[in-house]
Every structure is written in structure tokens, then in C-alpha cells.
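Fold and contact review
As a plain string of letters, each chain reads:
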Amino acid sequence: MHRLTNQVRPYAWGARAAIPRLLGTEPDGTPQAELWLGAHHAAPSAVHGEDGVRSLPELIAENPHRILGPGVVDRFGGRLPFLLKYLAAEAPLSLQVHPHADRARAGFEAEERLGIPLDAPHRNYRDPHHKPELLLALEPFEALCGFREPADTRHDLRGLTGELATALRADLSGPDDHTALRAALTRLLTLPDGKRERLISEFTEEWERVRPSCAHTDILGDLAARYPGDPGAVAALLLNKITLWPGQALFLPAGNMHAYLQGTAIEVMSGSDNVLRAGLTCKHVDPAELLDVVDFSVLPIPYSQPTVREGRREFRPGAPEFALHELGPGAITAHLPAEGPAVVLVLDGRVELVPEVGESIALRQGESVFVQADSGPVKAEGRGHVVAATVGALGRE
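Residues numbered from 1 in each chain as written. Predicted model: local features only at pLDDT ≥ 70, side-chain atom pairs only at ≥ 80, totals over all residues. Heavy atoms only, no water.

**Quick notes on the UniProt feature "binding site: Zn(2+)" (unreviewed entry) in the chain**
The positions UniProt marks with the feature "binding site: Zn(2+)" (unreviewed entry) are Gln96, His98, Glu133 and His258. In terms of the greatest pairwise C-alpha distance, the residues named above, spread along 163 residues, form a tight cluster of at most 12.7 Å across. As for the annotated residues, the ones lining the largest pocket are Gln96 and Glu133. Note on placement: His98 falls in the loop between strand 7 (95-97) and helix 5 (101-113). For His98, a relative accessible area of 0% corresponds to the buried category. Apart from the residues lying within four places of it in its own chain, the contact partners of His98 are Lys131, Glu133, Ala254, Gly255, His258, Asn274, Val275 and Val293. For His258, the location among the structural elements is in strand 12 (residues 258-270). Residue class for His258 comes out buried when judged on its relative accessible area of 1%. For His258, the residues in contact, after removing those within four places along its chain, are Ser94, Leu95, Gln96, His98, Glu133, Leu144, Cys145 and Leu252. (UniProt positions renumbered as here; feature names shortened; annotations may be inferred. 1 Å grid on protein atoms, 1.4 Å probe; cavity = no way out; pocket = protein on both sides within 12 Å on 5 of 7 lines; lining within 4 Å. Helix = DSSP H or I, 4+ residues; strand = E, 2+ residues; numbered from the N terminus. Buried < 20%, exposed > 50% of the residue type's maximum accessible area, 1.4 Å probe, protein only. Contact = heavy atoms within 4.5 Å.)

Listed below in C-alpha cells is the structure:
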């Protein structure tokens, strides 16, 4: 086992105090959005060992079969297939969707052939992997997630008479859900440059004047004020607005349109940073690529239900790359699953990790470790609140 030092991502939507509070550091007044724990090249964790400090990818490359386990290497190659994050949102994230595996691979290879730098602002695919993800709320967490019934959005627009509202009502009267939603989102993402700002402004002003009584009454105005002229504010009306309570989780597969609005949470995902954005952002938006990736199905909210196993709550949403395990809050006596590597983060309290092979490690709030596959079963004992990410399934699909 190796203690970790992890990188903080200072995105503009991040909270000022949540991550410093977790880590026991003084806030510096800047937004701190995500704490990344893993081996993704954009912000890899550092491991502490007898030989000093080095990056987690370097440790893994030294002996992938020993550190990741033969099953993980056979299934995913010599890379850690998951990424764990502590997310702290003080303002809305971008309206976004993640590509499926084939699209991510093809998009990455195409952009590589074109010689587009990995850090280029207009690049869509920064690695060749898909990005299913699971989010576990640590406090009341607001989000937009998945498409509503078109008739419900059309109903909310019934009192609006402006140009854009009238056009959207017509779009949402399409012959089926898929056609209706595609038409409405396509309209919003392809508004002519010369008319976009006026149409969005007129729509927002009328919405605020009429104030339809619905779940989106306040959120549209807030999004439009934060992102003037951004069609993503109006596109929010197409999505379900939900509140997750502490301990509730969402699983977001490829194609699910979503936006996190506010709150703190744990995320675990495949080891990817591929995001296609529809709005609520100053970053690159590629409407054609996004519209090809979005799943326009109207589906139930994709809550992920845990199972209780050996003293832990276990979330296995079906992604082979990852599973999430929650220990506590409260007294902890549990074993981590012995199925490849693990990344462990203490959210609160103190815990001791006792491996079958090697020395035990005592951890307190904000501290984390990387558990090698060859550590054998690891027992966690203490009192507090702990999360651990592992691989999901090693069998081939």
C-alpha cells in the first residue's frame, strides 16, 4: 500500500472551502472543484514509498501484473481503469454527455491523425476511452439528468408566445420522443450566430415574466444569468431536475445528457476525461459531434442502488472498469474486495488498513492510499466515513 498525494482541479465552478476542509488546509479564496485520485495523465496522483515520491503511472508501469493484477492487465491493459474524484460544485457544471467506447476510440484516433494537441481547447477526445460514471451524494446535491417527456416541457412552455418558445413547442410535438427531443436540442445548439443572443434573451425575459409553475421555474433564470446568451440554459428545460440526498447515487452511462448544479459528492468513473459539452460553459462546444452521441431516449432517473456486503455498501452499476464501496459513517469493520487494485479515501474520522501482506497504514480525514493487487485482502477498522474505488468486473463482456 502507498500513501497518495492528489491534485486539485481549479475549475471556475468549484467551491472555495469544501476541498480545503476535507484536506485540513486553509482556503485560498480560489475555486477548488475536483480532487483527482488515480493515474489519468491529466492529473496523476503521486505515491510515497521507500524510494521517495513518484507518480502513480510510473509505479504501475514498473510491474503492471503485480501492481494491478493479471486479471486487470488482461482486461484493460497496463493501466488503472478507474478514476476516483471528490467533487465540490458551488456553481453549475457544463451541460454535457460522454461518448460510448467505440466513438471515443474513433474520435481520439481521428484527432491524433490530425495532429491536434491533447490540450488544445477545441479538442473533443483527450483519450481513447469511454466515460461511464457514478456519483454518490455527500450532501443534498442538485442535478439535471436525462430527458423528460417532451409533453412535459411543452406544457411548461404553454404560456410563452415568443419566437423561440413557439418553435420549441412545435419541435416537441414531433411524432415520437426521440424525434421531438432531437429537433428541440438541434434547434437550440444551432441557433444562427446573428440571432442566438436575441432569441435566448427574449425567451429568458418572457420566462421570468410568466414564471411557469414547474421544477425549472428558478433554475432557468439562474443559468441564464450565469451564462448570458447560452442556449444550454433553455436546453435545461428538456431534462429532469433532481435532488440527490446523502447516500443516493446516480449512474450515468454513455449518451446521458446531464449537468451537476450544486453540492459535494464522490465520483468514480472509467479512467477518462472525455466530455462533449452542449452549453453552460465557455469551453468548446461541437454541436454536430454531440448530437451524434446523445441518447434521446426518455428513461427513468438512473439511480444506482447499493448492496450491503461484508460491512460495506457496494455500488456495482455494471461498468467493468469500476465499483464504489462505502464504509461507514460510524464504526467500521470491513474487508475491501480483493479483486485487483483499490484507491481509498477517508472522508471523516480515522481508519486503519491492515493488509494480508505488508504493513498496516493509519489514515485520517482527507488522507488516501493506493492498494496494490498483491496486498491480498485488506481489512479496514476504525470509526468514520471511507470510500474505496476498485475494478468492477474482470470477466470479458
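**What to know about unusual backbone geometry**
With an omega of 5°, the peptide bond between Gly328 and Pro329 qualifies as cis. By secondary structure assignment, the location of Pro329 is in strand 16 (residues 323-336). Residue Leu280 is not a glycine yet carries a positive backbone phi of 60°. Within the fold, Leu280 resides in the loop between strand 13 (276-279) and helix 12 (287-293). By relative accessible area, Leu280 is classed as buried at 1%.

**Some points on the nonpolar core**
If you look at the biggest cluster of nonpolar residues, it comprises 45 residues, and the most contacted ones within it are Phe147, Leu185, Phe203, Met257 and Leu290. When we break this core down by domain, the ones giving at least three residues each are domain 1 (2-144 + 244-304) and domain 2 (147-239). With sequence-adjacent residues up to four places away left out, Leu290 is seen in contact with Val97, Leu185, Leu189, Met257, Leu276, Arg277 and Ala278. Val72, Phe251, Val268 and Phe322 belong to the second largest nonpolar core, which has 38 residues in total. (Core = buried A, V, L, I, M, F, W, Y, C linked by side-chain atoms within 4.5 Å. Domains from an automatic or database assignment.)

**Section: the pairing of strand 6 (residues 82-89)**
The element strand 6 is extensively covered by neighbouring structure, given that eight of its eight residues are classed as buried. Taking every second residue as pointing to the same face, both faces of strand 6 are buried, with Phe82, Leu84, Tyr86 and Ala88 on one and Leu83, Lys85, Leu87 and Ala89 on the other. Taken together, the eight bridges between strand 6 and strand 12 define a ladder with antiparallel strand orientation. What sits directly across from Phe82, in strand 12, is Ser270. (Pairing = 2+ DSSP bridges.)

**Things to note about the UniProt feature "domain: Phosphomannose isomerase type I catalytic" (unreviewed entry) in the chain**
UniProt's feature table lists "domain: Phosphomannose isomerase type I catalytic" (unreviewed entry) at residues 1-148, given in the numbering used throughout. Measuring from the first to the last C-alpha atom of residues 1-148 gives 45 Å, for a span that is 25% helix and 28% strand.

**Here we look at the layout of surface pockets**
Volume-wise, the largest pocket comes out at about 890 Å³. Forming the boundary of the largest pocket are 38 residues, of which Tyr11, Trp13, Ser94, Arg277 and Lys283 lie nearest the centre. For the lining of the largest pocket, the secondary structure elements donating two or more residues are strand 3 (34-37), strand 6, strand 12 and strand 13. Of the residues in the lining of the largest pocket, the class split is 17 nonpolar, seven polar and 14 charged. Here the second largest pocket is characterised by a volume of approximately 500 Å³. For the second largest pocket, the lining is made up of 21 residues, of which Met1, His2, His48, Gly49 and Glu50 are closest to its centre. (Points joined across faces, edges and corners; volume = space filled by probe spheres on them. Nonpolar A, V, L, I, M, F, W, Y, C, P; charged D, E, K, R; others polar.)

**What about helix 5?**
Taking 1.5 Å per residue, 13 residues should reach 18 Å; helix 5 reaches 18 Å between its end C-alpha atoms and fits that length. Taken residue by residue, helix 5 has Ala104, Gly107, Phe108 and Glu111 as its buried positions. For helix 5, the arc enclosing every buried residue in end-on projection is 100°, short of the 170-degree limit, so these residues lie on one face. Across helix 5 from its buried face, at more than 90 degrees, point the exposed residues Asp102 and Arg113. Of the residues flanking the end of helix 5, it is Gly115, one or two places downstream, whose phi is positive at about 75°. (Expected span 1.5 Å × (residues − 1). Arc of directions from axis to C-beta.)

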